[in-house]
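One letter stands for each residue in the lines below.
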Amino acid sequence: MKPAPLSQSSSSSSRTPPADFATLAASPIRIVTPPPGPQARERIAHDKRFVSPSLIFCYPLYVARAAGCMVEDIDGNVYLDAQAGVATASTGHCHPEVAAAIAAQAQNLIHICGTDFHYPAYGAVCERLAALAARLSPPGASQVWQTFLTNSGTEAVEAALKLSRHHTGRGGIIAFRGGFHGRSFGSLSLTASKTKYRKHFGPLLPSVFHGEWGNVRSIEHDLFQHLVAPEDVAAIVVEPVLGEGGYLLPPPDFLPALRRICDAHGILLVFDEVQSGMGRTGKMFAAEHFGVTPDVVLLAKGIASGMPLGAMMARQELMTWPPGSHGSTCAGNPVCCAAALATIELLDGGGLVDNAARVGERLMSRLRAGLTPGPAAPAGVIEVRGLGLMIGVELDTEARADAVANRCFQRGLLVLECGTKAIRISPPLVVSEAQSDAIADLFIAVCHEVVQSKAGSAA
């Protein structure tokens, strides 16, 4: 039987949904039926016939709506979102100011093609990003940054590959094992976090070499001596904070050493901040934590609160490709740009980046207090690490990490795994102190429950 159209009226009669955005955003976790509920199971089974099997679907969650840090499924369960749509809903779900900007722009201009025609929103986003990027420049330096807008993070990576090769006249690209840069052909050639992303898609882009993330010796003493001359390398592409590969912080000397190598050999240093950028780490760019100025910065995810937008930013003197050498029909769409302008204002002018730093420190301290080794700490937790609201918890086994993540879902907390046995905690940047405490307390409790049940124990 075909499911009824998805609407509030299609929910169970026992459900009493929140009346508006504010009510849902302020709602606590509420599990009214063990997830997935009956409507979710029916819808998921129905949709499976029509949806590509390549999609992962971490949990059987069928979302009806969301507000702030809270997500409501079709059966009326309300979850606390500690993953923000994979670190993308930076201003929270359906922030009223972002939603209003989207609605207003949609009544004025939806599409005209930014590659071929001018309109205010495209230039306005590039101007705001240039102002933000100025904080990456060395003290006293007068640098102008220019931006190519994309539809996604993987497109931003593709643009960086083309610009790097065009500007330098070289073909080689260096990336790192553990890094994730997207799934389109060029970016997939850089991605080396899991073999499942690359399996059966070769041969991939030639002249791409992988070093060990965090180990500069793997470039100077391995790649440069045995595989590729530095004079043949166009760019080194690196996540300053490793994202999908485990939410890892770099050794203190790693990023400065990459800058030194690039300067010595005329190589462009590309920071992939698709996940770590736009305030996620408690600063607008993760690069600000490390005092290293990249040549190219890649953004997406949190830049437009979930609307499809990315950016490839480079200093003006590097933007040497001529008209027609790169473009996109839909990238920089006026509606997405309107969302980005509202998002940037909330992040920078509205204090959300500062909130990420303050609440992130509180959340990480609470997690460490409850999870790090001690008489009351659960077994199986190796480390709590991160910056701002980009927090990773390393478990001792992949099975235990999987058990913790799934039990969190059953208890009403949305988290995601990363690396081989870590869990990422990356709530929207609007998360309150009370919500961060709830995240920490429930996550700690689940870790204890998993240990007591022996789920995910090493053999």
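It should be emphasised that the depicted structure is a prediction, and the values quoted were computed from it without experimental measurement.

Q: Help me out: how do you make sense of the overall build of the chain in this one?
A: On a plain count of helices and strands, the chain comes out with 13 helices and 15 strands. Since a compact globule built from 459 residues should have a radius of gyration of about 23 Å, the 22 Å found for the chain is in line with a globular shape. Residue burial in the chain is summarised as follows: out of 459 residues, 53% are buried. Across the chain, every contact between residues at least 6 apart in sequence was considered, and the portion connecting residues at least 24 apart equals 74%. Charged side chains of the chain number 37 positive and 40 negative; the gap between the two group centres comes to 6 Å.

Q: How should the packing of aromatic side chains be read in this particular structure?
A: How two aromatic rings sit relative to each other is set out by the distance from centre to centre and by the angle between their planes. Applying the stated criterion across every chain, the model contains 7 aromatic pairs. Both rings, one in Y119 and one in Y122, keep their centres 6.2 Å apart while their planes meet at 85°; by these two values the pair is edge-to-face. When its relative accessible area of 17% is taken as the criterion, Y122 is described as buried. Three or more aromatic residues joined by ring pairs make a cluster, and in this case those are Y59, Y79 and F409.

Q: In this structure, what is going on with the sheet that holds strand β13 (residues 413-414)? I would like to understand it.
A: Working definition: the strands of a sheet are paired by backbone hydrogen bonds and lie parallel or antiparallel to each other. One open sheet holds the 4 strands; their spatial order is β1-β2-β3-β13, and the pairing between them is mixed. Each having just a single partner strand, β1 (63-67) and β13 make up the two edges of the open sheet. With 2 bridges joining them, strand β3 (residues 78-81) and β13 adopt parallel strand pairing. Pairing of L80 across the sheet is with L413, part of β13.

Q: Looking at this structure, I do not really get the sheet that holds strand β7 (residues 233-238). What am I missing?
A: Across the sheet, which stays open at both edges, the 7 strands sit in the order β4-β10-β9-β8-β7-β5-β6 with mixed pairing between neighbours. Each having just a single partner strand, β4 (145-150) and β6 (208-212) make up the two edges of the open sheet. Along the sheet, successive strands turn relative to each other by an average axial angle of 25°, direction set aside. Of the pairings in the sheet, the one linking strand β8 (residues 268-272) to strand β9 (residues 296-299) comprises 3 bridges and is parallel in character. If you follow D272 over to β9, its bridge partner there is L298.

Q: Help me out: how do you make sense of the state of the cysteines in this one?
A: Under the counting rule described, the total for this entry stands at 0 disulfides. Of all cysteine sulfurs in the structure, the one in C337 sits closest to C126, which takes part in no disulfide; the separation is 7.3 Å. Here C408 is not cross-linked by a disulfide; its sulfur's nearest cysteine counterpart is in C447, at 6.8 Å.

Q: I tried to follow the side chain of S276 on my own but got confused; where do I start?
A: Take S276: it is sitting in the loop between β8 and β9. Polar side-chain contacts of S276 include one of 3.1 Å to the side chain of E273. In this structure, S276 is in contact with P240, V241, T281, A286 and M390, ignoring residues within four places of it in sequence.

Q: Is there a simple way to think about a nonpolar patch on the surface in this case?
A: Side chains of F50, V51, L55 and F57 sit close together on the surface and give an oily, nonpolar patch of about 430 Å² of accessible area. Along the chain, F50 turns up in the loop between α2 (38-48) and β1.

Q: What's the story with α2 in this structure? I'm lost.
A: In an α-helix, one turn spans 3.6 residues, which is why side chains three or four residues apart end up on the same side. Regarding α2, the residues found buried are Q39, A40, R43 and H46. End-on, the buried residues of α2 take up no more than an arc of 135°, which puts them together on one face.

Q: What should I look at first to understand the nonpolar core in this one?
A: What tends to happen in soluble globular proteins is that the nonpolar side chains get buried as a cluster. Of all hydrophobic cores here, the largest spans 126 residues; its most connected members are L129, I236, L258, M312, L367, I425 and F443. Each residue touching M312, except ones within four places of it in the same chain, is listed here: Q146, T147, F148, A156, A159, A160, L163, V296, V297, L298, M319 and W321. By size, the runner-up hydrophobic cluster in this structure holds 8 residues, among which are A87, V241, Y247 and A286.

Q: What am I meant to see in unusual backbone geometry here?
A: In most cases, non-glycine residues show a negative phi, while peptide bonds are predominantly trans. Going from P35 to P36, the amide bond is cis rather than trans, its omega being 0°. Position of P36 relative to the elements: it lies in the loop between α1 (21-25) and α2. Backbone torsion omega between G202 and P203 reads 0°, so that peptide bond is classified as cis. By the secondary structure assignment, P203 is in the loop between α7 (185-190) and β6. With phi around 55°, F57 is a residue other than glycine that occupies positive phi space. We classify F57 as exposed; its relative accessible area is 58%. Although it is not a glycine, V86 adopts a positive phi angle of roughly 60°. Following the sequence through the fold, V86 ends up in helix α3 (residues 84-87).

Q: Could you clarify how one ought to interpret the packing of helix α5 (residues 120-133) against helix α10 (residues 334-349) in this entry?
A: A pair of packed helices is captured by two measures, namely the crossing angle of their axes and the spacing between those axes. Between α5 and α10, the least distance of the axes is 9 Å, while the angle of their chain directions is 30°. Classified by the interaxial angle, the pair formed by α5 and α10 is roughly parallel. By crossing handedness, the relation of α5 to α10 is classed as left-handed. Counting all contacts with α5, which are made through A121, Y122, A124, V125, R128, L129 and L132, the residues of α10 involved are P334, C337, A340, L341, I344, E345 and D348. Here the residues of the contact of α5 with α10 are counted per class, giving 11 nonpolar, no polar and 3 charged.

Q: I would appreciate a short explanation of the pairing of strand β11 (residues 381-387) in the present structure.
A: Burial within β11 is extensive, with 5 of its 7 residues counted as buried. Bridge analysis of β11 against strand β12 (residues 390-395) gives 6 bridges, and the strand direction is antiparallel. Counted as the bridge partner of V381 is L395 from β12. Here β11 folds back onto β12, and the loop between the two strands holds 2 residues, one of which, G388, carries a positive phi near 55°.

Q: Is there a simple way to explain helix α8 (residues 217-226) in this structure?
A: All of the buried residues in α8 are S218, I219, L223 and F224. One face of α8 carries all of its buried residues, which in axial projection span an arc of 140°. Exposed residues pointing more than 90 degrees away from the buried face of α8 are listed as R217, Q225 and H226. Next to the buried residues of α8 lie β5 (172-177), β6, β7 and α9 (254-265).

Rules behind the numbers
- Once a new chain begins, its residue numbering starts again from 1 and follows that chain's sequence as written.
- Where totals are concerned, whole chains, interfaces and linings use all residues; where local detail is concerned, this predicted model gives features only for residues with pLDDT of at least 70, and gives and counts side-chain atom pairs only at 80 or more.
- Excluding hydrogens and water, the side-chain values take into account all heavy atoms of the structure.
- In DSSP terms, a helix is any run of H or I states spanning at least four residues, a strand is any run of E spanning at least two, and both are numbered starting from the N terminus.
- Each radius of gyration reported is based on C-alpha atoms, and the globular scaling rule is 2.2 Å times the count of residues to the power 0.38.
- Only protein chains enter the accessibility calculation, which uses a 1.4 Å probe; a residue whose area is less than 20% of its type maximum is buried, one above 50% is exposed, and one in between is partly exposed.
- Note on contacts: a residue pair is in contact if any heavy atoms of the two residues lie within 4.5 Å.
- Under the counting rule used here, the positive set is Lys and Arg, the negative set is Asp and Glu, and His together with the chain ends is not counted.
- Each charge is placed at NZ for Lys, CZ for Arg, CG for Asp and CD for Glu.
- Stacked, tilted and edge-to-face are the three classes assigned to paired rings of Phe, Tyr and Trp, where Trp is represented by its six-membered ring and a pair needs centres within 6.5 Å; plane angles under 30 degrees give stacked, over 60 edge-to-face, the rest tilted.
- For two strands to be treated as a pair, DSSP must find no fewer than two bridges joining them.
- Fitting a line to C-alpha atoms yields each axis, with helices limited to the stretch in contact; the angle taken between N-to-C directions then spans 0 to 180 degrees.
- By definition, disulfides here are pairs of cysteine sulfur atoms that lie within 2.5 Å.
- Under this definition, polar contacts are N or O atom pairs within 3.5 Å; protein pairs additionally need one hydrogen-donor-capable and one acceptor-capable atom, and for neighbouring residues in sequence, both atoms have to be side-chain atoms.
- Patches draw on residues past 30% relative accessible area with no salt bridge. Two like charges within 9 Å are joined, as are two nonpolar side chains (Val, Leu, Ile, Met, Phe, Trp, Tyr) within 5 Å.
- Computed by Shrake-Rupley with a 1.4 Å probe, the accessible areas treat only the displayed protein chains as cover when residues are assessed.
- Definition used for salt bridges: Asp or Glu carboxyl oxygen within 4 Å of a side-chain nitrogen of Lys or Arg.
- The arc refers to the directions leading from the helix axis to the C-beta atoms.
- Buried Ala, Val, Leu, Ile, Met, Phe, Trp, Tyr and Cys residues that are joined via side-chain atoms within 4.5 Å together make up what is termed a nonpolar core.
- Each angle gets one of four labels, with under 35 degrees taken as roughly parallel, over 145 as roughly antiparallel, 65 to 115 as roughly perpendicular, and the rest as oblique.
- Helix crossings get a hand from a simple test, with the near helix turned counterclockwise from the far one by less than a right angle marking a left-handed crossing and a clockwise turn marking a right-handed one.
- Throughout, the ten residues Ala, Val, Leu, Ile, Met, Phe, Trp, Tyr, Cys and Pro are labelled nonpolar, Asp, Glu, Lys and Arg are labelled charged, and all others, Gly among them, are labelled polar.

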